[in-house]
Amino acid sequence: MILGIINYIRGSVRIEIQGAAIERFLNLCAQNQIDFWDVRRLAPDLAQATVRIQGFRQLRRFTRRTMCSVRIVGKKGAPFQARRLRPRWALWGGGALCALLLWTACQMVWTIDASRCDQSLQAEALELASQAGLRPGVPARRVDGERVRDYIMTHSDKFSFVAVNVRGSWAQIIAQGRAPTPEMTPVDQPCDVTADKTGVIVSIQVKAGVAMKRVGETVVEGDILAAGTIVSAQGEVYQVHAMADVELRTWRTLRSVMPTRLTAKIPTGRQKTRWALVVGGRRFPLSLIEKEPFQWYDTFIEKKPLRLTEHTVLPIALVRQRYVEYQPRPFTVSPEVCAQTLERRQREALAQRLPEAQVAKADFSCQYGQPFAQAALTVECREKTGVLTEVSGVTRQTTEDGND
């Protein structure tokens, strides 16, 4: 196949050789690097063969030596086709214009891939990149990836890493979000340790300050666990940076609801397809289908952009839109399936809400009914608590107690 394409591009001539010394003629041609193929003997003094254009021009000097005559039977190849089309200036002009437009389109950025950005940062990354000059339709030589990256990093504090790669008509943005930095209280600044959740103290170790709670006591959010104010026996007041490790036993309840009556989609096997051509931002339908092809159907859209290479994507795409018919069929979810589904969802939600908590005990209950099922998951956890807050100061009662 490849050899046939090469011969077509070079051009070939089908000739008829007549004479008494056809074998000698072919041997002389072979000795002078003139290649023949598809040689057929039609009569004792007649044969046909195919030769390239360059070889055909050298045959005359061998025909005289072997007393053979050569006649052209047919011509095939791109050079002969081009000679026929040579007077058609409009066709050549249109082809040149198309080639120029194609070359121009390949020099522009048409696809910006932000799939490797954090999900919450994709929209902001594309918006900032557009402000920096990276947008569909802009010439690729005008896009400086380093400048776009610096613009994104300097105009938003949500990014910890940004990379911009431009290859052909394809650009890629890679970005990672910055983890929130907790507010740090300087060690030399006085503060209290305060509970940030409600529970019963399991263990408490005060490293600096005065313990305000003991093991077994119940605390609520906002209670002081370790005070940063110390009153000596002589009535002198000191303020320190309180530090404590406190662990609570907490109870939490998660509730969720699930419908027990659902509708299944049963495919009927019927479907209709609509084709469309997208050029730039305009859509040109290639087929006509009524707005509602079926009473119940699902829509599946496949978009295939025109690619010259892996990183050269043109602003032309073929869109295939399939409408698949189905019949709705109502069914009722069993109590066992409802309970298993709700319990799995609640445990996943618990792991997301309390990733560091140690679950000591879990009690799941489900109330099945129509049309909903309700479930509750009560868990007993061991969690760490304690946040640094501004020192509360010394009350009059504390001072009087210290003086006594």
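Residues numbered from 1 in each chain as written. Predicted model: local features only at pLDDT ≥ 70, side-chain atom pairs only at ≥ 80, totals over all residues. Heavy atoms only, no water.

1. Considerations on the pattern of salt bridges
- Applying the stated criterion across every chain, the model contains 17 salt bridges.
- The partner of Arg149 in a salt bridge is Glu146, and the shortest N-O contact between them spans 2.9 Å. Of the two residues, Arg149 and Glu146 both sit in helix α8 (residues 145-155), three residues apart, roughly one turn of that helix.
- Accessibility expressed as a relative area gives 29% for Arg149, which makes it partly exposed.
- Residue Glu302 pairs with Arg320 through a salt bridge whose shortest N-O separation is 3.9 Å. (Salt bridge = Lys/Arg side-chain N within 4 Å of Asp/Glu carboxyl O. Helix = DSSP H or I, 4+ residues; strand = E, 2+ residues; numbered from the N terminus. Buried < 20%, exposed > 50% of the residue type's maximum accessible area, 1.4 Å probe, protein only.)

2. Structural notes on the pairing of strand β17 (residues 282-285)
- As defined by bridge partners, strand β16 (residues 261-279) adjoins β17 across four bridges and the pair is classed as antiparallel. When the sheet's bridge partners are listed, Ala276 is paired in β17 with Pro285.
- Taking the residues that link successive antiparallel strands as the turn, the β16-β17 hairpin has two residues, and the phi of Gly280 there is positive, at about 65°. (Pairing = 2+ DSSP bridges.)

3. Some remarks on the sheet that holds strand β2 (residues 36-43)
- Strand order in the open sheet made by the four strands is β2-β3-β1-β4, with antiparallel pairing throughout. Of all strands in the sheet, those bounded by a partner on one side alone are β2 and β4 (68-76). Each neighbouring strand pair of the sheet contributes to a mean axis angle of 25°, computed without reference to strand direction.
- Bridge count between β2 and strand β3 (residues 46-52): five bridges; the pairing is antiparallel. Within β3, the residue paired with Arg41 across the bridge is Ala47. (Axes fitted to C-alpha atoms, helices over the stretch in contact; angles between N-to-C directions.)

4. Overview of the packing of helix α1 (residues 2-10) against helix α5 (residues 78-85)
- Taken N-terminus to C-terminus, the directions of α1 and α5 make an angle of 40°; their axes are 5 Å apart at the nearest point. It follows that α1 is oblique to α5 by the angle criterion. Residues Tyr8, Ile9 and Arg10 of α1 touch α5, and the partners they reach there are Ala78, Pro79 and Gln81.
- Of the residues that constitute the contact of α1 with α5, the class distribution is four nonpolar, one polar and one charged. (Parallel < 35°, antiparallel > 145°, perpendicular 65-115°, else oblique. Contact = heavy atoms within 4.5 Å. Nonpolar A, V, L, I, M, F, W, Y, C, P; charged D, E, K, R; others polar.)

5. Examining the sheet that holds strand β18 (residues 297-309)
- Pairing in this open sheet of four strands is antiparallel, and the strands run β17-β16-β19-β18 from one edge to the other. Strand pairing shows two members of the sheet lacking a second neighbour, β17 and β18, which therefore form its edges. Pairs of neighbouring strands in the sheet enclose a mean axial angle of 40°, with direction left out of account.
- Across the sheet, helix α6 (residues 89-106) touches β18 and β19 (312-332), and the angle it forms with β19 is around 70°.

6. Here's the deal with the packing of helix α7 (residues 122-131) against α8
- Between α7 and α8, whose axes approach to 9 Å, the crossing angle comes to 120°. Considering their axes alone, α7 and α8 lie oblique with respect to each other. Considering only the axes of α7 and α8, their crossing is right-handed. Across from Ala125, Leu128, Ala129 and Gln131 in α7, the residues of α8 making contact are Val148, Tyr151, Ile152 and His155. (Left-handed = near helix turned anticlockwise from the far one by under 90°.)

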